[in-house]
Number of protein chains: 2
Amino acid sequence: MNDVRWLDEREARAWRGLQALQLKLTARLSRDLAADSELSYPDYAVLVVLTDQPDGRLRPFELGRELGWEKSRLSHHVSRMVERGLVTRESCPSDHRGAFVVVTERGRLAIEAAAPGHVSAVRRHFIDHLTADQLDALAEITDRVLGGLDEAAAPGHTTIARGGTSA
Amino acid sequence: MNDVRWLDEREARAWRGLQALQLKLTARLSRDLAADSELSYPDYAVLVVLTDQPDGRLRPFELGRELGWEKSRLSHHVSRMVERGLVTRESCPSDHRGAFVVVTERGRLAIEAAAPGHVSAVRRHFIDHLTADQLDALAEITDRVLGGLDEAAAPGHTTIARGGTSA
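Our subject in this report is the structure included herewith. (Residues numbered from 1 in each chain as written. Chains lettered and ligands numbered in written order. Predicted model: local features only at pLDDT ≥ 70, side-chain atom pairs only at ≥ 80, totals over all residues. Heavy atoms only, no water.)

### Details of the packing of aromatic side chains
Piece 1. Under the counting rule described, the total for this entry stands at two aromatic pairs over all chains.
Piece 2. The interplanar angle of 50° and the centroid separation of 5.2 Å between the aromatic rings of W15 of chain A and F126 of chain B together place this pair among those described as tilted. Within this pair, whereas W15 of chain A is found in helix α1 (residues 9-36), its partner F126 of chain B is found in the loop between α5 (105-125) and α6 (132-153), the two belonging to separate chains.
Piece 3. Note that R57 of chain B overlies the ring of F100 of chain B, its terminal NZ or CZ placed 5.5 Å from the centroid.
Piece 4. The ring of W69 of chain B carries R73 of chain B above its face, with NZ or CZ at 4.0 Å from the centroid. (Phe/Tyr/Trp six-rings, centres within 6.5 Å; stacked < 30°, edge-to-face > 60°. Helix = DSSP H or I, 4+ residues; strand = E, 2+ residues; numbered from the N terminus. Lys NZ or Arg CZ within 6 Å of the ring centre and 35° of its normal.)

Written out as structure tokens, the structure is:
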């Protein structure tokens, strides 16, 4: 680790920009969502993932992987959503892989009510500031990086596997 | 809200791409960081913000704003970092704005130890997949969106203030 290549100015600008964008755009969309709906941004993220499933349910580890959340964060957050009736936990006695997290009817109604305002906010704070060329460039950039991540995660890839216990 | 303009294909591709990038790149960097250091990605994020302060301390609400985290998430996470000796809470009897979160010497050593590996991972999973033009395009995109967010947040801006209690 002694020959680390620290980021040069161009690289640091792009990386810092992406991090700041992630942080500030998420913070802004979170505030708008909280003001316009009964959902927080993490609530919304959980409900998007669950309502994308044909049966509205996922195991916690799958949900955590989709959201990119640590186990403890997921557990705390799901508990709060259970208290508010947005999701339920359903145990699965037939195997040992733990309970499912399941979206409730109330959760479905909440995300349906929140979605139009959220999309307007995404447009107002993100889409509307960019040209068509910039939107295409961003999509290309994200495809490239995501392609690299998929390749690195593929079984049999020759780089050293680092830490993941992904299923 | 009846005349919502849902995202068209180009817009949706860019937005979904950014969200997937955010999620999967963070997940990957988190795994690498956990494998190579004693810090989780959220630990690292907290320590970056604190060590960027001249005196290594921030009030919880400031720290939460910098990180874009909800209060409950911040509180849970800081408690775990306190248990591990990476930060401390210092109360401030002279005013009512609550305790500070302060990086410890152990926290400083932990982020210094983790940084070289983390930068290598950022390069491997992100920077190395992009051309110089793409890095510049991304920096330009993030500047545009961040500029819009700053403008929307500026006092006296004529759009309707939405929900924020930002200081």
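### Observations regarding the environment of S37 of chain A
All names here are of chain A.
Piece 1. Note on placement: S37 falls in the loop between α1 and α2 (41-51).
Piece 2. Spatially, the C-alpha atoms of S37 and M81 are 15 Å apart, while their sequence positions differ by 44 residues.
Piece 3. Within the local environment of S37, its side chain forms a polar contact with the backbone oxygen of L33, the two atoms lying 2.8 Å apart.
Piece 4. Within polar-contact distance, the side chain of S37 engages the backbone nitrogen of L39 at 3.0 Å. (Polar contact = N/O pair within 3.5 Å; in protein donor to acceptor, adjacent residues only side chain to side chain.)

### Focus on the side chain of Q134 of chain A
Piece 1. The residue Q134 of chain A is located in helix α6 (residues 132-153) in this model.
Piece 2. By relative accessible area, which is 12% here, Q134 of chain A ends up buried.
Piece 3. If near-sequence neighbours (up to four positions away) are discounted, Q134 of chain A is found in contact with H129 of chain A together with E140, I141 and R144 of chain B. (Buried < 20%, exposed > 50% of the residue type's maximum accessible area, 1.4 Å probe, protein only. Contact = heavy atoms within 4.5 Å.)

### Quick word on the relation of the copies chain A and chain B
Piece 1. With an axial shift of 0.0 Å and an RMSD of 0.0 Å, the rotation relating chain A to chain B amounts to 180°. Given the turn and translation reported, the copies of this chain are related as if by a two-fold rotation axis.
Piece 2. Both copies share a contact surface, since 99% of the interface residues of chain A are interface residues in chain B too. (Least-squares fit on C-alpha atoms with pLDDT ≥ 70 in both.)

### Some points on the interface of chain A and chain B
Piece 1. Taken together, the contact between chain A and chain B spans 74 residues of the former and 73 residues of the latter.
Piece 2. With both chains or domains summed, chain A and chain B bury close to 7100 Å², and 64% of this area falls on carbon and sulfur atoms.
Piece 3. In this structure, the connection of chain A to chain B is made through six salt bridges.
Piece 4. Taking the shortest distance from any N to any O, the salt bridge between R13 of chain B and D143 of chain A comes out at 2.9 Å.
Piece 5. In this assembly, chain A and chain B are joined by 16 residue pairs in polar contact (both at pLDDT 80 or more).
Piece 6. Of all the secondary structure elements, the ones that give two or more residues to the side of chain A that touches chain B are α1, α2, α3 (60-67), α4 (71-83), α5 (105-125) and α6 of chain A.
Piece 7. With 22 residues, α1 of chain A is the largest single contributor of residues to the side of chain A that touches chain B.
Piece 8. In the side of chain A that touches chain B, the residues fall into 33 nonpolar, 18 polar and 23 charged. (Buried area = accessible area lost by both parts, 1.4 Å probe. Salt bridge = Lys/Arg side-chain N within 4 Å of Asp/Glu carboxyl O. Nonpolar A, V, L, I, M, F, W, Y, C, P; charged D, E, K, R; others polar.)

### Remarks on the pairing of strand β3 (residues 100-103) of chain B
Residues and elements named next belong to chain B.
Piece 1. Of the two faces of β3, both are covered, the one formed by F100 and V102 as well as the one formed by V101 and V103.
Piece 2. Examined bridge by bridge, strand β1 (residues 57-58) and β3 share two bridges and lie antiparallel to one another. Following the sheet pairing, R57 is matched in β3 by V102.
Piece 3. Relative to β3, strand β2 (residues 87-90) runs antiparallel, the two being bridged by four bridges. Among the inter-strand pairings, T88 is bridged to a residue of β3, identified as V102. (Pairing = 2+ DSSP bridges.)

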